[in-house]
Structures are given as C-alpha cells and as structure tokens.
Amino acid sequence: MEKARTKSALKFVKASSQSAGSWSTTANGMAKENTKPQEFTLHTQQRAVKRAMFNYSVATKLYLEQVQRKRVEKLQKMIEEEEIRLMRKEMIPRAQLMPLFDRPFFPQRSI
C-alpha cells in the first residue's frame, strides 16, 4: 500500500513539474516577463519623527510644571519665614507699668 502511495506521489510531482513549465509560457508560447515588486513606503520614519516631537513636548511640559512648582514652594517658604520673623518680633516680652493700688479702679456707669 505504501508503494502505491509513493508511486502516486511521484506521478503527482512529475505532473506538477511539467505543468509548472507550462505556467511560464502564455498561450502564444512566449515567456512572461518577471514581475517587479511595487515600491512601497513605510510610515515608520514619519511616525518616529512625530513620536519624538510628542515626547519632547511632554518632557518640556513636565519640566515647566516642575519649575513652576519649585517657584511656588520657594515663594511659600519665603512668606512663612517672614511670618515667623514677625511673630517672633511681636512675641518679645516687654515691661508693663504696675497698676496703682493706692487708687482703686471704679468703672463708671454708662448713661
């Protein structure tokens, strides 16, 4: 049975090789020209340029946000330091006059 299969397979290969030879010729008997591949362009270079521009704009935006955040933090720190300096200046204990105990205080009634 295997011999029959191999024989039929050989016949198929021979027949296909003969028919393949006839594929290269046309009805007129002249050979066809080989086909030339069409030129095509990939958009990978264009996409790479656009992606690089996008990445640059995102990086610039993040950098500017970081600079702005640092500027705001620095300003807040300066304001807090000034407030602390003013509070310390106000909180210095100062001497006050002693009340006069020889004259008692009598509030006046309002009319």
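Predicted, not measured: the structure shown is a model, and the values here were computed from it.

Caption draft 1: Layout of the overall build of the protein chain. Looking only at helices and strands, the protein chain has 2 helices and 0 strands in total. Taken across its 111 residues, the protein chain has 0% of its residues classed as buried. Within the structure as shown, the protein chain displays about 12,600 Å² of accessible surface, and the carbon and sulfur contribution to it stands at 61%.

Caption draft 2: View of the pattern of salt bridges. Within the structure shown, the criterion is met by 1 salt bridge. Two residues, E82 and R85, come together in a salt bridge whose shortest N-O distance is 2.5 Å. Taken together, the positions of E82 and R85, both in helix α2 (residues 44-90) and 3 residues apart, correspond to about one turn of that helix. For E82, a relative accessible area of 36% corresponds to the partly exposed category. R85 sits in the partly exposed class, given a relative accessible area of 46%.

Caption draft 3: Looking closely at a nonpolar patch on the surface. A cluster of nonpolar residues, F54, V58 and L62, forms a patch on the protein surface that exposes about 270 Å² of accessible area. Tracing the sequence through the fold places L62 in helix α2. Given a relative accessible area of 51%, L62 falls into the exposed group.

Rules and cut-offs
- Residues numbered from 1 in each chain as written.
- Predicted model: local features only at pLDDT ≥ 70, side-chain atom pairs only at ≥ 80, totals over all residues.
- Heavy atoms only, no water.
- Helix = DSSP H or I, 4+ residues; strand = E, 2+ residues; numbered from the N terminus.
- Buried < 20%, exposed > 50% of the residue type's maximum accessible area, 1.4 Å probe, protein only.
- Areas by Shrake-Rupley, 256 points an atom, 1.4 Å probe, with all protein chains shown as cover.
- Salt bridge = Lys/Arg side-chain N within 4 Å of Asp/Glu carboxyl O.
- Patch = residues over 30% accessible without salt bridge, like charges linked within 9 Å, V, L, I, M, F, W, Y side chains within 5 Å.

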